[in-house]
Amino acid sequence: MIVLGLEGTAWNLSCALVDEEDVIAERSATYVPAKGGIHPREAAQHHAEHMAGVVKAVLDVARKDDLTIEAVAFSQGPGLGPCLRTVATAARALSLRFNVPLIGVNHCIAHIEVGKWKTGATDPVVLYVSGGNSQVLALRRGRYRIFGETLDISVGNALDKFARQVGLSHPGGPKVEKLAKSSKEYIPLPYVVKGMDFSFSGLSTAAAQAAKKHDLADVCHSFQETAFAMLVEVSERALAHAEKKEVLLVGGVGANSRLREMLNIMCEERGAKFYVPEKKFMGDNGSMIAYTGLVMMKCGVTTPLAESRVRPGYRTDEVVVTWQ
Ligand code: ATP
Ligand code: FE2
């Protein structure tokens, strides 16, 4: 089976073609704000301008290799409303054009499914950490249940905010990681875990304050140690509660080698297996939408046109997972 997927919930517009085995083609266009953070309408405008180009490039591959597209999947949410609407409109048009089913995919679930596909994890506790989301999830009775999540901003957003305040360019995560490597001292910062949830807003502010008095490398190191320990603590407890034997790390912050190292140590101590997909499958990409569409299609889940409205606040645990 071959499925075309369209992603464009935020900064990255991406179209891909996958089959059960692998990615056949993927083309992306990335919106880079002139200054500051992402502007929803400008990002949507960017996606509209590049839509024809990325889709055509992928369709050219399909035509050249004489491939038959059997469904069109698109990210239905969560994400920025104007971006989602641009992507959904293109997906509906493609589904009508090829006369194939439309499949609305939950973006967060797509991060998880592509992670499982590319690592071989079967039933993991998932730590999903990106610019928009921070959640600890596991499949239980047909849904990805959210065991813990952020009470305010995501860890990626906290890193980016802190970085901006201390004069590092966007995205902040990689720069903080690099600076942290030359640190010599840990500076105590607010560690906030409430039940199974965590909070990063206070940490971001306190770190920016600390940077006025302390060495920036030390603050970057302390930020990472504090934030990642919070994430590992909740992941560890979810592993015990859910009685799972695997941990899967997904989302852009998962590129961080210190976070990987800390999770790996926790998993070794608990006798669990730790999985991380290749970097290109960690950030937003069309392949994850196409692949999730494929597994949904294979168990008969499609989205009628009348139900294809975008869902900016689409929760992970709203989706009934029938394909596992
Ligand atoms: P989503 O829509 O799923 O929330 P996103 O649009 O935020 O995703 P991602 O690529 O998943 O996009 O994540 C981007 C975030 O990852 C940014 O906050 C960035 O700072 C962070 N990041 C990237 N590389 C690193 C790194 N090496 N260490 C820490 N954070 C990183
Ligand atoms: Fe994402």
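Conventions and cut-offs
Positions within a chain are numbered from 1, following the residues in the order the chain's sequence is written. Each chain gets a letter, beginning with A, and each ligand a number, beginning with 1, in the order they are written. Only residues with pLDDT of at least 70 get local features here, since the model is predicted, and only at 80 or more are side-chain atom pairs given and counted; chain-wide, interface and lining totals rely on the full set of residues. Hydrogens are left out, water is left out, and the side-chain values use all remaining heavy atoms of the structure. Definitions used throughout: a 1 Å grid over protein atoms alone; a cavity as a set of points that fits a 1.4 Å probe which cannot get out; a pocket as an open set with protein on both sides within 12 Å along at least five of seven lines; a lining residue as one with an atom within 4 Å of a point. Grid points are joined across faces, edges and corners, and a volume is the space filled by probe spheres set on the points. To qualify as a helix, a DSSP run of H or I must reach at least 4 residues; to qualify as a strand, a run of E must reach at least 2; elements of each kind are numbered from the N terminus. As used throughout, domain bounds are those supplied by an automatic or database domain assignment. Here a donor is an N, O or S atom found within 2.8 Å of the metal, or within 3.2 Å if the metal is Na, K or Ca; sites may look incomplete because water is not among the atoms. Geometry is assigned from donor-metal-donor angles: four donors are tetrahedral when every angle falls between 85 and 135 degrees, four are square planar and six octahedral when opposite donors sit over 155 degrees apart with all other angles between 65 and 115, and any other arrangement is irregular. What counts as a ring pair is set by centres within 6.5 Å for rings of Phe, Tyr and Trp (its six-membered ring), and what kind of pair is set by the plane angle: stacked under 30 degrees, edge-to-face over 60, tilted for all other angles. Burial classification: accessible surface area is computed with a 1.4 Å probe over protein chains only, and a residue below 20% of its type maximum counts as buried, one above 50% as exposed, and the rest as partly exposed. Only when the NZ atom of a Lys or the CZ atom of an Arg is both within 6 Å of the ring centre and within 35 degrees of the ring normal do we say a charge sits over the ring.

**Q** Would you take a moment to explain the layout of surface pockets for this structure?
**A** Any empty space left between atoms is shown by rolling a water-sized probe over those atoms. By volume, the largest pocket is sized at about 1400 Å³. Trp11, Ser130, Gly131, Gly132 and Asp160 are the residues nearest the centre of the largest pocket, which is lined by 49 residues in total. If you list the elements that add at least two residues to the lining of the largest pocket, you get α3 (107-119), β8 (143-149), α4 (155-165) and α5 (172-180). Each of domain 1 (3-111 + 281-318) and domain 2 (123-279) gives at least three residues to the lining of the largest pocket. Estimated volume of the second largest pocket: approximately 230 Å³. Taken together, 18 residues make up the lining of the second largest pocket; nearest its centre are Gln76, Gly104, Thr303, Arg311 and Tyr314.

**Q** Help me understand the coordination of the iron ion (ligand 2) in this model?
**A** Octahedral metals with six donors have ideal donor angles of 90 or 180 degrees. Tetrahedral metals with four donors have an ideal donor angle of 109.5 degrees. The protein atoms donating to the iron ion (ligand 2) are His107 (NE2), His111 (NE2) and Asp284 (OD), with metal-donor distances spanning 1.9 to 2.1 Å. Of note is the iron ion (ligand 2), whose 4 donor atoms meet at the metal with angles of 95 to 148° in an arrangement that counts as irregular. On the primary sequence, the residues serving as donors to the iron ion (ligand 2) are separated as H-x3-H-x172-D. Taken as a pair, His111 in helix α3 and Asp284 in the loop between β12 (273-275) and α9 (286-298) lie far apart in primary sequence, 173 residues in all.

**Q** Sorry if this is basic, but what is going on with the packing of aromatic side chains here?
**A** The relation between two aromatic rings is expressed through the spacing of the ring centres and the mutual angle of the planes. For the coordinates displayed, the defined rule picks out 3 aromatic pairs. Ring geometry for Trp117 and Tyr291: centres 4.0 Å apart, planes at 10°, overall stacked. In this pair, Trp117 sits in helix α3 while Tyr291 sits in helix α9, placing the two residues 174 residues apart along the sequence. Of the two residues examined, Trp117 and Tyr291, each falls in the buried class. Geometrically, the ring pair formed by Phe198 and Phe200 is tilted, given 5.5 Å between the ring centres and 45° between the ring planes. Accessibility assignment for this pair places Phe198 and Phe200 in one class, buried. Note that Lys118 overlies the ring of Trp117, its terminal NZ or CZ placed 4.1 Å from the centroid.

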